[in-house]
Amino acid sequence: MTDSAILVLEDGTVFEGVSVGAPGLSVGEVVFNTAMTGYQEVLSDPSYARQLVTLTYPHIGNTGCTDQDDEASKVWASGLIVRNVPRRPSSWRSQVSLPEWLRARGIVAISEIDTRKLTRLLRDRGSMNGAVMAGDVNVEQALEAARKFPGLKGMDLAKVVSTTERYSWTDGQLDLDSNAFVTLPAKFKVVAYDYGVKTNILRMLAERGCELTVVPAQTPADEVLALKPDGVFLSNGPGDPEPCDYAVDAIRSFIDAKLPTFGICLGHQLLALAAGAKTLKMPHGHHGANHPVQDLDSGKVLITSQNHGFAVDEASLPANVRVTHRSLFDGTNQGIALTDAPAFSFQGHPEASPGPHDVAPLFDRFVASMHNKNAESR
Ligand SMILES: NC(=O)CC[C@H](N)C(=O)O
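Keep in mind the model is a prediction, meaning the values are calculated, not measured. (Residues numbered from 1 in each chain as written. Predicted model: local features only at pLDDT ≥ 70, side-chain atom pairs only at ≥ 80, totals over all residues. Heavy atoms only, no water.)

Summing up its helical and strand segments, the protein has 10 helices and 19 strands in all. For a compact globule of 378 residues, the expected C-alpha radius of gyration is about 21 Å, and the protein comes in at 20 Å, within 12% of that figure. A principal-axis box enclosing the C-alpha atoms of the protein has dimensions of 70 × 50 × 40 Å. Split into buried and exposed, the 378 residues of the protein put 58% on the buried side. By sequence separation, contacts in the protein at least 24 residues apart represent 76% of the contacts at least 6 residues apart. Computed over 34 positive and 44 negative side-chain charges, the separation of the two mean positions in the protein equals 2 Å. (Helix = DSSP H or I, 4+ residues; strand = E, 2+ residues; numbered from the N terminus. Rg over C-alpha atoms; globule rule 2.2 N^0.38 Å. Buried < 20%, exposed > 50% of the residue type's maximum accessible area, 1.4 Å probe, protein only. Contact = heavy atoms within 4.5 Å. Lys, Arg positive; Asp, Glu negative; His and termini not counted. Charge placed at Lys NZ, Arg CZ, Asp CG, Glu CD.)

Moving on: empty space enclosed by the protein. Counting across every chain of the model gives 2 cavities of 30 Å³ or more. In terms of lining, the largest cavity is formed by 16 residues, of which the most central are S47, G237, G239, H308 and G309. Sorting the residues of the lining of the largest cavity by element identifies α9 (266-274), β15 (278-295) and β16 (301-313) as the ones contributing at least two each. Counting residues per element, the lining of the largest cavity draws most heavily on β16, at 4 residues. Of the residues in the lining of the largest cavity, the class split is 5 nonpolar, 9 polar and 2 charged. Taken as a whole, the second largest cavity spans an internal volume of roughly 40 Å³. Around the second largest cavity, the lining residues are I303, T304, S305, H349, P350, A352, P356, H357, D358 and V359. (1 Å grid on protein atoms, 1.4 Å probe; cavity = no way out; pocket = protein on both sides within 12 Å on 5 of 7 lines; lining within 4 Å. Points joined across faces, edges and corners; volume = space filled by probe spheres on them. Nonpolar A, V, L, I, M, F, W, Y, C, P; charged D, E, K, R; others polar.)

On to the environment of V301, then. For V301, the location among the structural elements is in strand β16. You can call V301 partly exposed: its relative accessible area is 44%. The residues touching V301, leaving out its near neighbours within four places in the chain, are P292, V293, Q294, L328 and D358.

A volume near 930 Å³ is recorded for the largest pocket. Along the wall of the largest pocket there are 44 residues; nearest its centre are T37, G38, E41, D69 and S353. Of the residues in the lining of the largest pocket, the class split is 14 nonpolar, 21 polar and 9 charged.

Once that is clear, we can look at the UniProt feature "active site" (unreviewed entry) in the protein. With numbering aligned to this structure, UniProt lists the feature "active site" (unreviewed entry) at C265, H349 and E351. On the basis of their most widely separated C-alpha atoms, the annotated residues across 87 residues gather in one place, lying no more than 11.0 Å apart. Set against the largest cavity, the annotated residues named above that line it are C265. Here H349 is to be found in the loop between β19 (343-346) and α10 (361-377). Exposure remark for H349: the relative accessible area of 3% places this residue in the buried category. For H349, the contacting residues outside a window of four places in its chain are K198, N236, I264, C265, S305, Q306 and N307. With respect to the secondary-structure elements, E351 resides in the loop between β19 and α10. (UniProt positions renumbered as here; feature names shortened; annotations may be inferred.)

Once that is clear, we can look at the pairing of strand β6 (residues 108-111). Burial of β6 is two-sided: the residues V108 and I110 facing one way and the residues A109 and S111 facing the other way are all buried. Pairing geometry for strand β5 (residues 79-81) and β6, over 3 bridges, is parallel. Counted as the bridge partner of L80 is A109 from β6. (Pairing = 2+ DSSP bridges.)

Around the ligand, a shell composed of 13 residues is seen, among which G237, G239, C265, N307 and G309 lie nearest. Here an oxygen atom of the ligand and a side-chain polar atom of Q269 are 3.0 Å apart. One of the backbone nitrogen or oxygen atoms of G309 is found 2.8 Å away from an oxygen atom of the ligand. Contact with the protein chains hides 97% of the accessible area of the ligand, taken as 300 Å² for the molecule alone. Among the cavities detected, the one that contains the ligand is the largest cavity. Element by element, the count of residues in the shell around the ligand is highest for β16, at 4 residues. Along the lines of polarity and charge, the residues of the shell around the ligand split into 4 nonpolar, 9 polar and no charged. (Near = heavy atom within 4 Å. Polar contact = N/O pair within 3.5 Å; in protein donor to acceptor, adjacent residues only side chain to side chain. Areas by Shrake-Rupley, 256 points an atom, 1.4 Å probe, with all protein chains shown as cover. Sits in = over half its atoms within 2 Å of the grid points.)

Right, let's talk about the sheet that holds strand β14 (residues 261-264) for a bit. Spatial ordering of the open sheet is given by β8-β12-β11-β13-β14-β19-β18-β17-β15-β16, a layout of 10 strands whose pairing is mixed. On the outer flanks of this sheet lie β8 (167-169) and β16, each paired with one strand and no other. Averaged over neighbouring strand pairs, the angle between their axes works out to 25 degrees when direction is ignored. Across 5 bridges, strand β17 (residues 321-327) lies against strand β18 (residues 333-338) in antiparallel orientation. Considered in β18, the bridge of V321 is made with L338. (Axes fitted to C-alpha atoms, helices over the stretch in contact; angles between N-to-C directions.)

Pasting the structure below:
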């Protein structure tokens, strides 16, 4: 027997479907993601904390789930909303089906709803708060829960999802022949701030010779500087960047110390805030795997993976910050570089590999900036 499930939006819109995850009630901001692949990576990306994700691609779960593909040890997304889950996954890598994976992690999920209608609503009216209820459903209770959710604006979630303990990371990419993650010789000491870091970022850094120390979001700058790193990495993460004052303060010290610094997504927004700029909430954000972004230095168009609901306000950038990338969807900022410090950042996800790897060279740029800095001080 299939359990019923409902999705209720804060404006009172109700979608009725079936449960394909754990029973229960879960609230969050409802966002749509247009990627055709990567549902497991999306769900396990901590940047989706307090968000209910709908995927516009209609068949989700086709290739099942595999431990090696998790982007974090825990699922932080509030729930999943899809059109259809195939009855049986098919992939030689699959260990469990998507519904089994969701149930084991206590994540609510609804299927058999009109995700095209939902996406049009979110596109036209902007992101809305909502609730998914599975098992014993009750529209009034779900609506009340959706309306009580305060929204992501002003919410500091980086410190909520961050590691509580410092740890080292040495794994590079997965070698499919040996089915093991490869470790490569390290050349640079990098401290990576975990604001909700995705493991593939750590792997791509390790693959380029970075010996990583991952630290909790609220680690003060002096503790990091005492480790004498060659560079600092600022991770992606959930929530609003503005309330993360602890991170902004720490990043200011790294800018002052002229330490090579690279930020991705939330890390990009935090670097901009530390440089004196402002961030704003977008109407429905960018969530997908085929977003064109222009590299303003080369003029090239990069096809990128995106997941953000806040953006750096270009009008607020001080004179020592250069715009390096811009979205060709809506002209919003996608990258910055400081002119007086070796610090730069990117709004999209250079570590994601939904097909294109157009932005992966940014990792090489970070490594090159550490190499140049070390050569200078020799
Ligand atoms: N993926 C991310 O790091 C997201 C950054 C931020 N939470 C936003 O929504 O804009």
